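Here are the chains, one letter per residue:
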Amino acid sequence: MQLKNPILGLCQQATFSLSAAKVDQCPDDEGFEVAFAGRSNAGKSSALNTLTHASLARTSKTPGRTQLLNFFNLDEERRLVDLPGYGYAKVPIPLKQHWQRHLEAYLGSRESLKGLILMMDIRHPMTDFDLLMLDWSVASHMPMHILLTKADKLTYGAAKNTLLKVQAEIRKGWGDAVSIQLFSAPKRLGLEDAYTVLARWMELPDKDSAEA
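Because the structure is predicted, anything quoted here is derived from the model rather than measured.

> Mind laying out helix 4 (residues 128-139), listing which residues take part and the relevant values?
Helical geometry note: an α-helix holds 3.6 residues per turn, so side chains three or four residues apart project in the same direction. Taking 1.5 Å per residue as the helical rise, helix 4 with its 12 residues ought to reach 16 Å, and the 17 Å between its terminal C-alpha atoms agrees with that figure. For helix 4, the full list of buried residues reads Phe-129, Asp-130, Met-133, Leu-134 and Ser-137. All buried residues of helix 4 project into a common sector of 135° when viewed along the axis, lining one side. Away from its buried face, by an angle of more than 90 degrees, helix 4 presents the exposed residues Asp-128, Leu-132 and Ala-139. Phi turns positive one or two residues past the end of helix 4, at His-141, with a value near 55°.

> Can you lay out the pairing of strand 2 (residues 32-38) for me, pointing to particular residues and giving the numbers?
Burial analysis of strand 2 places 7 of its 7 residues in the buried class, which makes it a mostly covered element. Across the two faces of strand 2 the burial is the same, with Phe-32, Val-34, Phe-36 and Gly-38 and Glu-33, Ala-35 and Ala-37 all buried. Across 5 bridges, strand 2 lies against strand 4 (residues 78-82) in parallel orientation. Bridge pairing in strand 4 links Phe-32 to Arg-78. Examined bridge by bridge, strand 2 and strand 5 (residues 113-121) share 6 bridges and lie parallel to one another. Of the residues in strand 5, the one forming a bridge with Ala-35 is Leu-116.

> Lay out the packing of aromatic side chains with the relevant residues and their values.
Under the counting rule described, the total for this entry stands at 2 aromatic pairs. Judged by centre distance (5.8 Å) and plane angle (65°), the rings of Phe-16 and Phe-72 are edge-to-face. Of the two residues, Phe-16 sits in strand 1 (residues 15-20) while Phe-72 sits in strand 3 (residues 69-73), which places them 56 residues apart along the sequence. Among the residues examined, Phe-72 registers a relative accessible area of 3% and is labelled buried. Summarising the aromatic geometry, the rings of Phe-71 and Tyr-106 are spaced 6.3 Å apart at their centres and angled 75° between planes, so their arrangement reads as edge-to-face. On the criterion of sequence distance, the pair formed by Phe-71 in strand 3 and Tyr-106 in helix 3 (residues 93-109) is long-range, its members being 35 residues apart. We classify Phe-71 as buried; its relative accessible area is 0%.

> Requested: an account of the environment of Trp-201, with residues and values cited.
The topology assignment puts Trp-201 in helix 6 (residues 191-201). For the pair Trp-201 and Leu-113, spaced 88 residues apart in the sequence, the C-alpha separation amounts to 9.3 Å. Each residue touching Trp-201, except ones within four places of it in the same chain, is listed here: Phe-32, Val-34, Lys-114, Gly-115, Leu-116, Ile-117, Pro-143, Met-144 and His-145.

> Hey, could you go over the environment of Arg-79 for me, with residue numbers and the actual values?
Relative to the helices and strands, Arg-79 is located in strand 4. For Arg-79 and Gly-31, which are 48 residues apart along the polypeptide, the C-alpha to C-alpha distance reads 8.1 Å. In this structure the side chain of Arg-79 is engaged in a polar contact, spanning 3.4 Å, whose partner is the side chain of Ser-112.

> If you had to explain the nonpolar core to someone new, which residues and values would you point to?
By size, the foremost hydrophobic cluster in this structure holds 33 residues, and its most contacted members are Leu-83, Tyr-106, Leu-116, Leu-134, Ile-146 and Ile-170. Where this core is concerned, the elements lending two or more residues are strand 2, strand 3, helix 3, strand 5, helix 4, strand 6 (144-149), helix 5 (156-174) and strand 7 (178-182). Counting residues per element, this core draws most heavily on helix 5, at 5 residues. Excluding its chain neighbours within four sequence positions, the residues that come into contact with Ile-146 are Leu-118, Met-120, Leu-134, Ile-170, Val-178, Ser-179, Ile-180 and Gln-181.

> Tell me about helix 6, residues and numbers included.
Among all positions of helix 6, only Leu-191, Ala-194, Tyr-195, Val-197, Leu-198, Ala-199 and Trp-201 are buried. Taken from the residues just after helix 6, Glu-203 is the one with a positive phi, measuring 60°.

> I'd like a rundown of the confidence of the model for the protein, residues and numbers included.
The predicted coordinates should not be examined in detail at positions where pLDDT is low. In this model, the protein carries a mean pLDDT of 86, and residues with pLDDT of at least 70 account for 84%. Of all the helices and strands in the protein, helix 7 (residues 207-211) carries the lowest mean pLDDT, 47, while strand 6 carries the highest, 98.

> Quick one: what's the story with the sheet that holds strand 5, residue by residue and with numbers?
If you walk across this open sheet you meet the 7 strands as 1-3-4-2-5-6-7, and the pairing is mixed. Each edge of the open sheet is held by one strand with a lone partner, namely strand 1 and strand 7. Strand-to-strand twist in this sheet, taken as the mean axis angle between neighbours without regard to direction, amounts to 25°. Note that strand 1 and strand 3 share 5 bridges and pair antiparallel. Residue pairing across strands places Ala-20 opposite Leu-69, the latter belonging to strand 3. Running at roughly 170° to strand 7, helix 5 makes contact with strand 6 and strand 7 of the sheet. Lying on the sheet, helix 6 is in contact with strand 2, strand 4, strand 5, strand 6 and strand 7; it crosses strand 5 at an angle near 160°.

What counts as what
- Residues numbered from 1 in each chain as written.
- Predicted model: local features only at pLDDT ≥ 70, side-chain atom pairs only at ≥ 80, totals over all residues.
- Heavy atoms only, no water.
- Helix = DSSP H or I, 4+ residues; strand = E, 2+ residues; numbered from the N terminus.
- Expected span 1.5 Å × (residues − 1).
- Buried < 20%, exposed > 50% of the residue type's maximum accessible area, 1.4 Å probe, protein only.
- Arc of directions from axis to C-beta.
- Pairing = 2+ DSSP bridges.
- Phe/Tyr/Trp six-rings, centres within 6.5 Å; stacked < 30°, edge-to-face > 60°.
- Contact = heavy atoms within 4.5 Å.
- Polar contact = N/O pair within 3.5 Å; in protein donor to acceptor, adjacent residues only side chain to side chain.
- Core = buried A, V, L, I, M, F, W, Y, C linked by side-chain atoms within 4.5 Å.
- pLDDT = per-residue confidence, 0-100.
- Axes fitted to C-alpha atoms, helices over the stretch in contact; angles between N-to-C directions.

Okay, structure coming up:
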């Protein structure tokens, strides 16, 4: 009998914890935390909601509405974090600078941060923001996994070609430390692969090791 990935049950019971405008407002820096990042129109909220089977992250037709660090509890020691979206939001420059300053402070200081999920729209991958996040994760030795979102907007062949192209570009520029996959929230494509990454980072046995 196949055992389910243990992260599934935790994601299904995910609950909102708090929103933080500054690092000192974040939950206690302990346990396991995985953060979700991406440009404002990369489908980050939709991906989070699909992975948790709940409408935790607010989706909007106006990209860039997430202006805070939003924390969601999976259990007493594991959390998901929805980071502010960048690059599209029509907000005042001082507010953008505030986001950037506190995002950098969060990324650079959280001991509990075990990995970063970066969302890229498959039709517009490797933006300036994506390159900055790649540079930071590799320089900081922070595990990164990329979801090429909105894969349903392309044919399977085109999506696969884009995946291989971006994968080759990342390996050439940043080495093998970054993993990548196709993802579609509406089609529920790529959920298993994403759950496996989350379970590993949060030190939960995946179904394969559970079966061994």
